[in-house]
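Spelled out from the first residue to the last, the chains are:
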Amino acid sequence: KGYAESCIFYVRGDTMTLKELNNKIQSSLRDTDYVGVMSDGNLAILLTNTNVHESIFVRKRLEEKKIPTYL
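Model, not experiment: these values are computed from the prediction. (Residues numbered from 1 in each chain as written. Predicted model: local features only at pLDDT ≥ 70, side-chain atom pairs only at ≥ 80, totals over all residues. Heavy atoms only, no water.)

A. Structural context of the sheet that holds strand β1 (residues 6-11). Here we have four strands laid out as an open sheet, ordered β2-β3-β1-β4, and antiparallel in their pairing. Of all strands in the sheet, those with a lone pairing partner are β2 (34-37) and β4 (69-70), marking the two edges. Pairing between β1 and strand β3 (residues 43-48): six bridges, direction antiparallel. Opposite V11, over in β3, you have L43 as the bridge partner. Strands in contact with helix α1 (residues 18-25) are β1, β2 and β3; relative to β3, the strand with the most contacts, it is inclined by about 25°. Of the strands in this sheet, β1, β3 and β4 are in contact with helix α2 (residues 52-64), which crosses β1 at around 30°. (Pairing = 2+ DSSP bridges. Helix = DSSP H or I, 4+ residues; strand = E, 2+ residues; numbered from the N terminus. Contact = heavy atoms within 4.5 Å. Axes fitted to C-alpha atoms, helices over the stretch in contact; angles between N-to-C directions.)

This is how it looks when you write it as structure tokens:
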């Protein structure tokens with residue numbers, strides 16, 4: 001309803017199991033963020049109260065952990 005901004009980005013899970021990905025990304029996300037598994041096996045991450053420009057900080061933290069992301 002437009003009450004808050006949000007951003008969705010994706011994580012390629014090609015080289016890690018879901019458990020390994022979860023262990024690596026968990027510390028980089030907030031309790032209010034959501035993670036889901038797409039039909040292709042990749043993850044979708046919904047950052048609440050975050051716009052595309054602000055999502056760069058989270059994506060950068062994940063990519064420093066060798067977790068590739070894309071919008």
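B. Layout of the pairing of β1. Residues C7, F9 and V11 of β1 are buried on one face, while the alternating residues S6, I8 and Y10, pointing to the opposite face, are not. The sheet contact formed by β1 and β4 spans two bridges and is antiparallel. When the bridges of β4 are listed, Y10 appears paired with Y70. (Buried < 20%, exposed > 50% of the residue type's maximum accessible area, 1.4 Å probe, protein only.)

C. How the structure looks around the environment of V11. Assignment of secondary structure puts V11 in strand β1. Distance from V11 to N42, taken between C-alpha atoms, is 5.8 Å for residues 31 residues apart in sequence. Apart from the residues lying within four places of it in its own chain, the contact partners of V11 are L21, N42, L43, I45, L62, I67, P68, T69 and Y70.

D. Summary view of the nonpolar core. Counting residues in each nonpolar core, the largest one holds twelve residues, listed as F9, V11, M16, L21, I25, L29, L43, I45, L47, V58, L62 and I67. Mapped onto this core, the elements with two or more residues apiece are β1, α1, β3 and α2. With three residues, β3 is the single largest residue contributor to this core. In this structure L62 touches F9, V11, I25, S28, I45, I67 and T69, once residues within four positions along its chain are discounted. (Core = buried A, V, L, I, M, F, W, Y, C linked by side-chain atoms within 4.5 Å.)

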